[in-house]
Every structure is written in C-alpha cells, then in structure tokens.
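# Residue-level structural notes
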Amino acid sequence: MPEDKFHQSVFINCPYDPGYRHSLWALVFTLRYCGLTPRIASERLETAEVRLERIIDLILETKYSIHDFSRVKSREPNEYFRFNMPLELGLDLGCKNYHHDLKYRQKHLLIMEGERGSLSRAMSDLSGVDVLCHENESERLVEMLRNWLFNVGFSDLAGPNHIWDEFNIFNADLYQHFKKKGFRTTQITNLSFKEFSHYLDLWISKRQPGVNQ
Amino acid sequence: MPDQHNRIHIIKRDDGWVLRKDGATKASKKFPTKQDALESAYDLRSSYDLVVHSPDGTVENYWEKGQY
C-alpha cells in the first residue's frame, strides 16, 4: 500500500454488537471528519479470505489503531467471552514492537474502556499502560478520540464540541436522506455499516471537514 | 443533501442540552434538561423543523415546522 495511505489509516478493533453500533458511527465519523481513513475487519466480509489474515493485513496497513474494550463482562449466564479483541490488540502490539520493518515502531495505539478500571481487571497485563475511559458516552468518545489525534500529531483539527455538533447534524441529514428513500426509523437505526459509510463519504465530500464554520 | 438551513437541533452537551440552528457557528444556549431545551425551541416552531437528538447523537424525534 502507498506510504501516505499508511500514515492516514486507522484500524478499529471494537465490539460488533448492536449496542455498540452508534459508538462505532461516532468513531468512524470523527476519523473521517479529521481527514483519516477508518479500517475495520467487517469492511471486507464478502471476500473468502481467512479472517485472521484479513486482520493482519489491516494491522500492517495502518499506522494508527483504536482498541475499544467497552465489553469485558458477559451479560448472560454461560455466555462465552469472545477473545477476538484481545488477540487483535496483541497482534497490533507485536507488530509495533517486533516487526523487522522499523516503520512499525511509529505505530500509535489508543486503548479505551467503557467503565473506569474495567480493563485492568479483565487484562491485568495492561496495568501501567494508558487506557482512556469514555464512560460509554458517545460525546466523550468523540472528544477523547479528537484529543488523542491531536496528541499524536494531527494539529489542524476542529474543536471537540464542533465535531460533536457536526456528528449530530450529520445524523439528522442521514435520517432525512433515508426517510426520503422510504426507510422506517428502525431501519435507519440499524443501517448496515457499508450503507452508513457510503452516505458518510457523500456527506463529507460536500462539507469542509475540520474547519470551524 | 437535505436543506441544512431550516432546522433546530437539541443536542446533548456535557451535563446539559443545547440548541443549535443549522448554519450557526455555535450552539445558542445551554439548558440543564432536555425538557427545558424543548420548551425554548417551541417558540420557534413556525419557522424551523426540530430535531431532537439522543445522547448518542442519533435522531430521537424529527418534527417538521408547525408540527410540534
């Protein structure tokens, strides 16, 4: 992949349950609004590749990554914990620290949790590593992500309140757009990631993201 | 793209709610509760559509002008 794409790409490692859908929308919106390219595993689900190979490719193609461990507790008796996310974090850390190509030492990882202290209880090996807590609030998520992007070198960014307001306005536009196409409200709420991303690309192309109006 | 100049948004902000008109440079006023924000927006019902947002930023209710 071209070097400039590597420097603009962000791997998102997050839950894929319906309860996280709108947090994912907020994450993806903020990245796109700040001029970055979000990459998630499900974007290439239609291919026959082995999922693990796909994840490794994404890790190799992205300088930045977000690992949101908002789900570290089972919600029903006998529910199995899914270990995909810790595995993907481990692969990303391994790439940053051990890959023979030194460009991967520049990787930046954002690790987040939904409840303060929850990750240190679930993954004690991360004790001492900076973990940011968004308290399961999308507004906090947008603010923390924006501030983290600034800290890793993206200096020309709109303020967190501006990006949050723009995300809300985007949602109103998305709602009107799909209502006009005959979608019910629940169908808009449950929009596929692919369709959401398609509309977001269209919306971003018609705005001037990152510029305070 | 929808017309972005005839709506008022009620948006969660920190520990309160704000009103923001399409095209405005920033939110106009902050209220302690969503209900307070709704009551303030009611005075503008003849000129603007009203978009009430959920705390996650998505649309909770959309009323066209004159309908709220």
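Since the model is a prediction, treat every value here as computed from it, not as a measurement.

### Focus on the sheet that holds strand E3 (residues 29–31) of chain B
Residue and element names in this part refer to chain B. With mixed pairing, the 5 strands of this open sheet are ordered in space as E3-E2-E1-E4-E5. A single partner strand is all that each edge strand has here, and the edge strands are E3 and strand E5 (59–63). With strand direction ignored, the average angle separating the axes of adjacent strands in the sheet is 20 degrees. For strand E1 (residues 7–13) and strand E2 (residues 16–21), the ladder comprises 6 bridges, and the chain directions are antiparallel.

### Quick word on the packing of helix H6 (residues 138–151) of chain A against helix H7 (residues 160–180) of chain A
Residue and element names in this part refer to chain A. Where H6 meets H7, the closest approach of the two axes is 9 Å, and the angle between their N-to-C directions is 130 degrees. Between H6 and H7, the crossing angle belongs to the class labelled oblique. Both H6 and H7 take part in a crossing whose hand is right-handed. Where H6 abuts H7, its residues Glu139, Val142, Glu143, Arg146 and Asn147 lie against Pro160, Ile163, Trp164 and Phe167. Here the residues of the contact of H6 with H7 are counted per class, giving 5 nonpolar, 1 polar and 3 charged.

### With respect to the sheet that holds strand E3 (residues 64–69) of chain A
All names here are of chain A. Read across the open sheet, the 5 strands follow the order E2-E1-E3-E4-E5; overall the sheet is parallel. For this open sheet the edge positions go to strand E2 (37–40) and strand E5 (132–133), each flanked by a neighbour on one side alone. One ladder, built from 4 bridges, connects strand E1 (residues 9–13) with E3; its direction is parallel. Bridge pairing in E3 places Phe11 opposite Ser65.

### Concerning the packing of helix H2 (residues 21–33) of chain A against H6(A)
Residues and elements named next belong to chain A. Contact geometry of H2 with H6 gives a least axis separation of 9 Å together with a crossing angle of 30 degrees. With respect to each other, H2 and H6 are oriented roughly parallel. In this structure, H2 meets H6 at a crossing whose hand is right-handed. Between H2 and H6, the contacting residues are His22, Ser23, Ala26, Leu27 and Thr30 on the first element and Ser138, Leu141, Val142, Leu145 and Arg146 on the second. When its residues are assigned to classes, the contact of H2 with H6 shows 5 nonpolar, 4 polar and 1 charged.

### Topic: the confidence of the model for chain B
Summary statistics for chain B give a mean pLDDT of 89 and a share of 93% for residues scoring 70 or more. The ipTM assigned to the predicted complex is 0.93, against a pTM of 0.92.

### Some remarks on the interface of chain A and chain B
The extent of an interface is frequently quoted as the accessible surface area lost upon association of the parts. On the side of chain B, 20 residues touch chain A, which itself brings 19 residues to the contact. Secondary-structure elements contributing two or more residues to the side of chain A that touches chain B are H2, H6 and H7 of chain A. Considering every element that reaches the side of chain A that touches chain B, the biggest residue donor is H7(A), with 11 residues. Considering only residue class, the side of chain A that touches chain B consists of 5 nonpolar, 9 polar and 5 charged.

### Digging into unusual backbone geometry
At Glu135(A), a residue that is not glycine, the phi angle is positive and equals roughly 55 degrees. With respect to the helices, strands and loops of the structure, Glu135(A) is situated in the loop between E5 and H6. Its 13 C-beta neighbours within 10 Å are what place Glu135(A) among the partly exposed residues. Positive phi values are uncommon outside glycine, yet Asp14(B) reaches one of about 50 degrees. Exposure remark for Asp14(B): the 11 C-beta atoms within 10 Å place this residue in the exposed category.

Conventions and cut-offs
Residues numbered from 1 in each chain as written. Chains lettered and ligands numbered in written order. Predicted model: local features only at pLDDT ≥ 70, side-chain atom pairs only at ≥ 80, totals over all residues. Pairing = 2+ DSSP bridges. Helix = DSSP H or I, 4+ residues; strand = E, 2+ residues; numbered from the N terminus. Axes fitted to C-alpha atoms, helices over the stretch in contact; angles between N-to-C directions. Parallel < 35°, antiparallel > 145°, perpendicular 65-115°, else oblique. Left-handed = near helix turned anticlockwise from the far one by under 90°. Contact = placed C-beta atoms within 7 Å. Nonpolar A, V, L, I, M, F, W, Y, C, P; charged D, E, K, R; others polar. pLDDT = per-residue confidence, 0-100. Buried ≥ 20, exposed ≤ 12 C-beta atoms within 10 Å, placed from the backbone.

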